[in-house]
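# A structural walkthrough
Here's the letter readout for the chains.
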Amino acid sequence: MSKKITKTARAETKSSLDVLVDFASKNIIKIILIVGVIFLLLRVVQILILIFIAFILMAATKPAAVFLNKRGHIPEGLAIAIVYISVLMILGVLVYTVSKPLGDELARFTSNVPQLSQSLVDWLIHVPFISQNVDPSQLQNFFSQFFTNIVDQFSSIANSLVDLTVNAFRGILMALFLLIFSIYLFLEREDIKAFLIKFFNFNATKFTNIYDQIEVQLGAWVRGQLFLALAVGLATYVGLLILDVKYALPLAILAAILEIVPIIGPLITGFIITLVGLGISPVTGALCFGLAVAVQQLENNFLVPVIMKRAVGLSPVITIISLLIGQELFGILGAIISVPFSAMLS
């Protein structure tokens, strides 16, 4: 009797061990598969980013191509080619026109940093609280470092864009891949949707509605943000020219770049413009502060409602967090695509 019980216990123990080993084996396999998928995604992350950028380009340029196709009776392939050639020509002319004056003004700004800093110190030491509690030499060092950092940031952005072109796009071939793939996404958009629906067994109606909505809103957001940055930069440039403030071009470009960062970006721009104005005279500083406030009011009350009316409205907190995460993970390339990606998800 005891032998039977012992055999039964052994059998149950063995059965339990088999189940445990089987369970452990399945989990180990799952873990290995998950790690493998993550590894593959990390290996192809640059390719996935390029595909997403191509989708952004397609979504942003699609309305113009569709307009040429329907109103101008131009074939789709030729229409999208005309749009891309026009965009590249505009960018080329813009870069050619701006690069030399920008370089000259940045060089002049760098050489005048000590003089600009001294002018600010001479003005601030007449403020009672500051004159009694702050050493003028400390103020001089602070402003010199501050303005030098601004120039360094411009240089860093330029170097990052060069590195981005060389490393991320792998030169001309990757840039061509990006353009060709975005054209392919436009020309084969219906076939791509049909393939995704069949491959993932999606509900055709729901998937099509979601896809079209993402495409329309993402394209509207990208176009709106570009027009908004251009408008703010142009308004800042014209205002600084009217006030006869030096370094109008780099300050205007800075305003356009920082426009993507809600709330904080315009505040930083206004602060820097005001400091540069104060380096000229207190009156110019006050006028520069008024210009920054006027541009901000123009943006909030006119530009945003008109330009961004069809775009996705992102919370400023989400935008800032997206920028920080994108910059931390993938550098300047991640920062560029982080906000459009968040807009798509919203």
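Residues numbered from 1 in each chain as written. Predicted model: local features only at pLDDT ≥ 70, side-chain atom pairs only at ≥ 80, totals over all residues. Heavy atoms only, no water.

## Focus on the nonpolar core
In this structure, Phe55, Met58, Leu185, Phe186, Leu218 and Val222 are the most contacted members of the largest nonpolar core, which totals 29 residues. Of all the secondary-structure elements, those providing two or more residues to this core are helix H2 (45-71), helix H3 (76-111), helix H7 (171-187), helix H8 (189-200), helix H9 (204-242) and helix H13 (316-345). With 12 residues, H2 is the largest single contributor of residues to this core. The residues touching Val222, leaving out its near neighbours within four places in the chain, are Ile56 and Ala60. (Core = buried A, V, L, I, M, F, W, Y, C linked by side-chain atoms within 4.5 Å. Buried < 20%, exposed > 50% of the residue type's maximum accessible area, 1.4 Å probe, protein only. Helix = DSSP H or I, 4+ residues; strand = E, 2+ residues; numbered from the N terminus. Contact = heavy atoms within 4.5 Å.)

## Describing the packing of H8 against H9
Interhelical geometry of H8 versus H9 gives an angle of 135 degrees and a closest axis separation of 10 Å. With respect to each other, H8 and H9 are oriented oblique. In terms of crossing hand, the pair formed by H8 and H9 is right-handed. Contacts between H8 and H9 involve Lys193, Leu196 and Ile197 from the former and Ala204, Phe207, Thr208, Tyr211 and Asp212 from the latter. Its residues placed into classes, the contact of H8 with H9 shows five nonpolar, one polar and two charged. (Axes fitted to C-alpha atoms, helices over the stretch in contact; angles between N-to-C directions. Parallel < 35°, antiparallel > 145°, perpendicular 65-115°, else oblique. Left-handed = near helix turned anticlockwise from the far one by under 90°. Nonpolar A, V, L, I, M, F, W, Y, C, P; charged D, E, K, R; others polar.)

## A look at the packing of H2 against H9
Packing of H2 against H9 leaves a shortest axis separation of 8 Å and a crossing angle of 80 degrees. Regarding the angle of H2 to H9, the classification is roughly perpendicular. Residues Phe52, Phe55, Ile56, Met58, Ala59, Ala60, Lys62 and Pro63 of H2 pack against Tyr211, Ile214, Glu215, Leu218, Gly219, Val222 and Arg223 of H9. For the contact of H2 with H9, the per-class residue count stands at 11 nonpolar, one polar and three charged.

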